[in-house]
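# Close look at the chain arrangement
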Amino acid sequence: MRKRLKLLLAALVTATMAALAALALPPPASAAALTEVTGFGANPSNLRMYLYVPDNLAPRPGLLVAVHYCTGTGPAFYSGSRFASLADRYGYIVVYPSVTRSSQCFDVASPQALTRNGGSDPVGIKSMIDYVRARYPVDPDRIVATGVSSGAMMTNVLLGLYPDVFSAGSAFAGVPFGCFATTNGSEWNSDCANGLVTKTPQQWGDLVRNAYPGYTGSRPRMQTWHGTNDEILRYPNFGEQIDQWTNVHGLSQTPSFTDTPQTGYTRTRYGGAGDTAPVEAISMNGVSHNLPVDAAAAVHFLGLDTTTPSSPSPSSPGPSASSSAPAGGCRVAYTVSAWNTGFTASVTVTNTGAAVVNGWTLRFTLPTGQAVTNAWNAAVSPAGGAVAATNVSYNATLTAGGSQTFGFQGTHTGNTAEPGAFTLNNATCAVV
């Protein structure tokens, strides 16, 4: 069992790091920095706490708990994902819990971890939240969680244990609350990982309700992402999560809304058709455990992009108000250099209007068969289909007549055409 756990963990971290690397950007270029906090409160499992506070907070900032994968760390998740750079844009705070046990997996299996205030990792994470709330004017209605793999499992656990704290969660390649439960001290539940633990929606819902007996308040919204070819935490866990959280919300398991946000992705919403539906699920056809982490889509679902910082300092330029369409229009120059099955794209966006644009997002659709592997001077996601390129902290301003250039590298299957249309903050741009 120990050998099997090590092999599974090795596969898990390889897949997860590859997924994060596909969309990774350098750490935010600003004075803000990831800081370790000690002595933050009750911490029975000796977690470490890392805190990212952007230079310019929203007046009532949201608080995101970003939970890493097995064999990862808080600092690795910080540098390998876009949640901090998006915090610079929207002014929310990020806590990165970090495991110190040898596996560096979060405890989502022990009876202590699956009991409210029962001990282990959830208690330490709750202490981190309390520490931040005591020092910053956090919006209590926007305390949310996200995570990948082991962190996705912990996201399910946190929302189950603390529905009075969390308003939403976004889980990338996880399992339902309670699915990984063990009683023999093992951190790994092979039956759950292999998709063999199935229950009725009522049974799954009861697991969550019994974690906080007597609670009658509102329940956090849940977004879950899963690849159909996940070889570590098998795809049936995706459906079991949907069953669990729809039942927790008292909803039918029949979607209220279904669409295809990009090629190969099927998105279903339950209890509502809009982007604040109680449950949202994204199935990624043909994708393994090495799934792309769409931080921008998660941040949107979690409600963290509804505010922006005020008064950005000269050392950390960023949006000072809600991003607006450039009055007077915009222009895009897009150049592709292709070879074999790869290409690079250089994109220059120009504000042809008379007003300054603070904070920009350029949207366009990549031709079929093209996929982004890495980017510079912008955050580009998702990897294919309809993508959004968003400024990073140091190039958020488009002066009147000014330009910003970014680029990305990608792969293609023979089609090296350029996108035919672009919008900048929802304004249609001329293409040159």
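Cut-offs and rules
- Residues numbered from 1 in each chain as written.
- Predicted model: local features only at pLDDT ≥ 70, side-chain atom pairs only at ≥ 80, totals over all residues.
- Heavy atoms only, no water.
- Phe/Tyr/Trp six-rings, centres within 6.5 Å; stacked < 30°, edge-to-face > 60°.
- Buried < 20%, exposed > 50% of the residue type's maximum accessible area, 1.4 Å probe, protein only.
- Lys NZ or Arg CZ within 6 Å of the ring centre and 35° of its normal.
- Core = buried A, V, L, I, M, F, W, Y, C linked by side-chain atoms within 4.5 Å.
- Helix = DSSP H or I, 4+ residues; strand = E, 2+ residues; numbered from the N terminus.
- Polar contact = N/O pair within 3.5 Å; in protein donor to acceptor, adjacent residues only side chain to side chain.
- Axes fitted to C-alpha atoms, helices over the stretch in contact; angles between N-to-C directions.
- Parallel < 35°, antiparallel > 145°, perpendicular 65-115°, else oblique.
- Left-handed = near helix turned anticlockwise from the far one by under 90°.
- Contact = heavy atoms within 4.5 Å.
- Nonpolar A, V, L, I, M, F, W, Y, C, P; charged D, E, K, R; others polar.
- Pairing = 2+ DSSP bridges.
- Salt bridge = Lys/Arg side-chain N within 4 Å of Asp/Glu carboxyl O.

Moving on: the packing of aromatic side chains. Here the distance between the centres and the angle between the planes together describe a pair of aromatic rings. In this structure the tally under the stated criterion is 16 aromatic pairs. Considering the side-chain rings of Tyr235 and Phe238, the 5.4 Å spacing of their centres and the 20° angle between planes classify their relative orientation as stacked. The buried category is assigned to Phe238, whose relative accessible area is 6%. Cluster of aromatic residues (ring-pair linked, three or more members): Tyr52, Tyr69, Phe77, Tyr78, Phe83 and Tyr96. Over the ring of Tyr131 we find Arg135; its NZ or CZ atom is 3.7 Å from the centre of that ring.

Let us now look at the nonpolar core. Across soluble globular proteins, nonpolar side chains show a tendency to be buried alongside one another. Met49, Val132, Phe166 and Phe180 are the most contacted members of the largest nonpolar core, which totals 57 residues. If you tally residues by element for this core, the top one is helix α5 (residues 150-161), at 7 residues. Within the second largest apolar cluster, 34 residues are counted, among which are Tyr78, Phe172, Ala298 and Leu304.

The subject of this paragraph is the side chain of Ser103. Looking at where Ser103 falls in the secondary structure, it is placed in the loop between β4 (93-98) and α4 (120-133). There is a polar contact of 2.5 Å between the side chain of Ser103 and the side chain of Glu187.

As a packed pair, α5 and helix α8 (residues 236-248) sit with axes 13 Å apart at the nearest point and diverge in direction by 15°. By the angle between their axes, α5 is roughly parallel relative to α8. Two packed elements cross with a definite hand, and for α5 against α8 that hand is left-handed. Facing α5, whose interface residues are Asn156, Leu159 and Gly160, α8 presents Gln241, Gln244 and Trp245. Partitioning the contact of α5 with α8 into residue classes produces 2 nonpolar, 4 polar and no charged.

Another aspect to go through is the sheet that holds strand β12 (residues 342-351). In space, the 5 strands of this open sheet follow the order β15-β19-β12-β11-β22, with mixed pairing throughout. Two strands close off the open sheet at either side, each with one partner strand: β15 (371-376) and β22 (430-431). The sheet contact formed by β12 and strand β19 (residues 403-411) spans 9 bridges and is antiparallel. Note that in β19 the partner of Val347 across the bridge is Phe406.

Mapped onto the fold, Phe364 is located in strand β14 (residues 361-365). Sequence spacing of Phe364 and Ala389 is 25 residues, and the spatial spacing of their C-alpha atoms is 8.5 Å. Look past the residues within four positions of Phe364 in its chain and what remains in contact with it is Tyr334, Gly385, Ala386, Val387, Ala389, Phe406, Phe408, Pro419, Ala421 and Phe422.

What follows covers the pattern of salt bridges. Note on pairing: side chains with opposite charge can pair once their charged atoms come close. Taken as a whole, this structure holds 8 salt bridges when the rule is applied. Measuring nitrogen to oxygen at the nearest pair gives 3.2 Å for the salt bridge that ties Arg142 to Asp139. Residues Arg142 and Asp139 agree in their burial class; the two are buried. Among the ionic pairs, Asp206 bridges to Arg209, the shortest N-O distance being 2.9 Å. With Asp206 and Arg209 both in helix α7 (residues 201-211), this residue pair falls 3 residues apart, about one helical turn. On the accessibility criterion, Asp206 (27% relative accessible area) is partly exposed. A relative accessible area of 25% means that Arg209 is categorised as partly exposed.

With that settled, the discussion passes to the packing of α4 against α5. Interaxial distance between α4 and α5 falls to 11 Å at its minimum, and their mutual angle equals 70°. Taken together, the axes of α4 and α5 lie roughly perpendicular to each other. Of the residues in α5, those touching α4 at Asp121, Pro122 and Ile125 are Met154, Val157, Leu158 and Leu161.

On their own, these measurements won't tell you what the molecule is for.
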